[in-house]
There are 2 protein chains.
Amino acid sequence: MVNKQQIRGVYLVTDRPLCFHHTLSEVVRLAALGGVSLVQLREKESDSRTFLELAKHLKEILTPFSVPLLINDRLDVCLAAGADGVHLGQSDLPWWEARILLGDDAIIGLSLETKEDYLSLMQTHPNPDLDYLAVSPVFDTNTKTNTKPAWGLTGVTWLKDKTDLPVVAIGGIKDSNAKAVIQAGADSIAVVSAICSAENPKLAAETLSKKFPI
Amino acid sequence: MVNKQQIRGVYLVTDRPLCFHHTLSEVVRLAALGGVSLVQLREKESDSRTFLELAKHLKEILTPFSVPLLINDRLDVCLAAGADGVHLGQSDLPWWEARILLGDDAIIGLSLETKEDYLSLMQTHPNPDLDYLAVSPVFDTNTKTNTKPAWGLTGVTWLKDKTDLPVVAIGGIKDSNAKAVIQAGADSIAVVSAICSAENPKLAAETLSKKFPI
């Protein structure tokens, strides 16, 4: 069973085309060695079979580290791979359907693109059965397309003040701004290229992890 | 519970961009009125939320007709929509994982692109827990890209002679060649544009249904 307390610290979101120096598997292994607390497998282009095989492989790599593996969007890949949960966007399957299909132990996170996304969630589900809320994007980024205007640091603080759920900040986070995002209220910082594209993903993960107060 | 005997007759595979004269929902309703025995929702471009909403809507339309709804590839959409099963290609999730996740009552069909696909299936699973095998494509077609060379009518006969599972023929089937495909051994003919693009989908479905011997 997953320790849901792990939604804190550095959260690696994968992006294979951005893995310049190592394979994705190696990036994930090194990032786990470097202390990331969560990994999300995001595969926008690959077919379902490839997606599943990657998920199974990453799950094997992460199990010894007790680092949960989340799957972006695809509940079926999560179920078939025995992953620990899913990260859902506003146009993915609804999180309450995910909760029914994955069960109580699964980690389910929901991306909020705007304050309106949060307010409408509260209207329908004042106590949503979710494990974290993600502010996406905090900063403008090139790794996700079609995102709405960035929330900024004030957006992170706004959400942190409103919710008891862990707040994950995603989008444009790197070494130079990580501390500010944490100080603004993020329980977890999700990074893509800051680790995927690093020559030394272990060191990158370590350095980011140290930004969190002990 | 679904009657698996329904894997016979006309099998509509949806393609929204090819629905020139009616909405997809209306095409499906008219096709059911015209006697199609199976519908597969195929959505290659839409996001998961849209896919699920469409699936739920088509399920509502088809329930009064007792026509099963299959989902292309996405087991999670199938589960969340309460659809009757999935159609899987060679690069989709493995059918045995689908059987575990969907259970015994689900209809699970597997697309075979080549004779080698069939032979390797037999090597690993001499009695596969599948509900049909699809010969894809029988004829060259524009509605699916990246398909391997067409099986032709002799391919349909080849597979029919080898397996006890229902054989579904898909790809380039229309009014003018449907009879030949059935005579070659197809238990079911899957059509896309022949119904989706028809001005009168009900009549198109009726006409194709009449090609089957009573």
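Summary of the structure given here. No experiment lies behind these values; they were computed from the predicted model shown.

Before going further, it helps to spend a moment on the sheet that holds strand β5 (residues 107-112) of chain B. Residue and element names in this part refer to chain B. Spatially, the eight strands close up into a barrel ordered β1-β2-β3-β4-β5-β6-β7-β8, and their pairing is parallel. Across the sheet, the axes of successive neighbouring strands diverge by a mean angle of 25 degrees, strand direction being ignored. The pairing of strand β3 (residues 69-72) with strand β4 (residues 85-88) spans three bridges and is classified as parallel. The partner of Asn72 across the bridge, within β4, is His87.

Residues and elements named next belong to chain B. Looking at where His87 falls in the secondary structure, it is placed in strand β4. Given a relative accessible area of 5%, His87 falls into the buried group. For His87, the residues in contact, after removing those within four places along its chain, are Tyr11, Gln40, Ile71, Asn72, Asp73, Asp92, Gly109, Ser111, Tyr132 and Ala134.

Turning our attention to the packing of helix α1 (residues 24-33) of chain A against helix α9 (residues 201-209) of chain A. All names here are of chain A. As a packed pair, α1 and α9 sit with axes 7 Å apart at the nearest point and diverge in direction by 40 degrees. Relative to α9, α1 is oriented oblique. Between α1 and α9 the crossing geometry is right-handed. Touching Val27, Leu30, Ala31 and Leu33 of α1 are Pro201, Lys202 and Ala205, all from α9. Residue composition of the contact of α1 with α9, by class: six nonpolar, no polar and one charged.

Mapping chain A onto chain B is achieved by rotating through 180 degrees and translating by 0.0 Å along the same axis, at an RMSD of 0.0 Å. Seen this way, the second copy is the image of the first under a two-fold rotation axis. Closest approach to the rotation axis within chain A is made by the C-alpha atom of Asp76 of chain A, at a distance of 2.4 Å. When the interface residues of chain A are mapped onto chain B, 100% of them again lie at the interface, so the same face is used by both copies.

Taken residue by residue, the interface counts 21 residues in chain A and 21 residues in chain B. Carbon and sulfur atoms make up 57% of the surface buried where chain A meets chain B, a total of about 1700 Å² over both sides. Contact with chain B buries surface across chain A, with Arg49, Asp76 and Leu93 of chain A losing the most and accounting together for 33% of the total. Linking chain A with chain B are four salt bridges. Two residues, Arg74 of chain A and Asp73 of chain B, come together in a salt bridge whose shortest N-O distance is 3.9 Å. Counting across the chain A and chain B interface gives 15 residue pairs in polar contact (both at pLDDT 80 or more). By residue number, the principal contributor to the side of chain A that touches chain B is helix α3 (residues 75-81) of chain A, which donates five residues. Tallied by class, residues from the side of chain A that touches chain B come to nine nonpolar, four polar and eight charged.

Residues and elements named next belong to chain A. Throughout the structure, instances matching the rule amount to eight aromatic pairs over all chains. Between Tyr118 and Trp158, the aromatic rings sit 5.6 Å apart at their centres with planes inclined by 85 degrees, giving edge-to-face as the arrangement. A residue pair is termed long-range when its members are at least 10 positions apart, and Tyr118 in helix α5 (residues 115-124) and Trp158 in helix α6 (residues 152-162) qualify at 40 residues. With respect to class, Tyr118 is no different from Trp158; both count as buried. With a centroid separation of 6.0 Å and 45 degrees between ring planes, the pair formed by Trp151 and Trp158 is classed as tilted. Among the aromatic residues, those joined into a cluster by ring pairs are Tyr118, Trp151 and Trp158.

Quick look at the environment of Gly34 of chain B now. Residue and element names in this part refer to chain B. Mapped onto the elements of the fold, Gly34 is located in the loop between α1 (24-33) and β2 (38-41). Gly34 sits 170 residues away from Ala204 along the chain, and the two C-alpha atoms are 7.4 Å apart. Residues in contact with Gly34, not counting those within four places in the same chain, are Lys202, Ala205, Glu206 and Ser209.

Scoring rules and cut-offs
Residues numbered from 1 in each chain as written. Chains lettered and ligands numbered in written order. Predicted model: local features only at pLDDT ≥ 70, side-chain atom pairs only at ≥ 80, totals over all residues. Heavy atoms only, no water. Pairing = 2+ DSSP bridges. Helix = DSSP H or I, 4+ residues; strand = E, 2+ residues; numbered from the N terminus. Axes fitted to C-alpha atoms, helices over the stretch in contact; angles between N-to-C directions. Buried < 20%, exposed > 50% of the residue type's maximum accessible area, 1.4 Å probe, protein only. Contact = heavy atoms within 4.5 Å. Parallel < 35°, antiparallel > 145°, perpendicular 65-115°, else oblique. Left-handed = near helix turned anticlockwise from the far one by under 90°. Nonpolar A, V, L, I, M, F, W, Y, C, P; charged D, E, K, R; others polar. Least-squares fit on C-alpha atoms with pLDDT ≥ 70 in both. Buried area = accessible area lost by both parts, 1.4 Å probe. Salt bridge = Lys/Arg side-chain N within 4 Å of Asp/Glu carboxyl O. Polar contact = N/O pair within 3.5 Å; in protein donor to acceptor, adjacent residues only side chain to side chain. Phe/Tyr/Trp six-rings, centres within 6.5 Å; stacked < 30°, edge-to-face > 60°.

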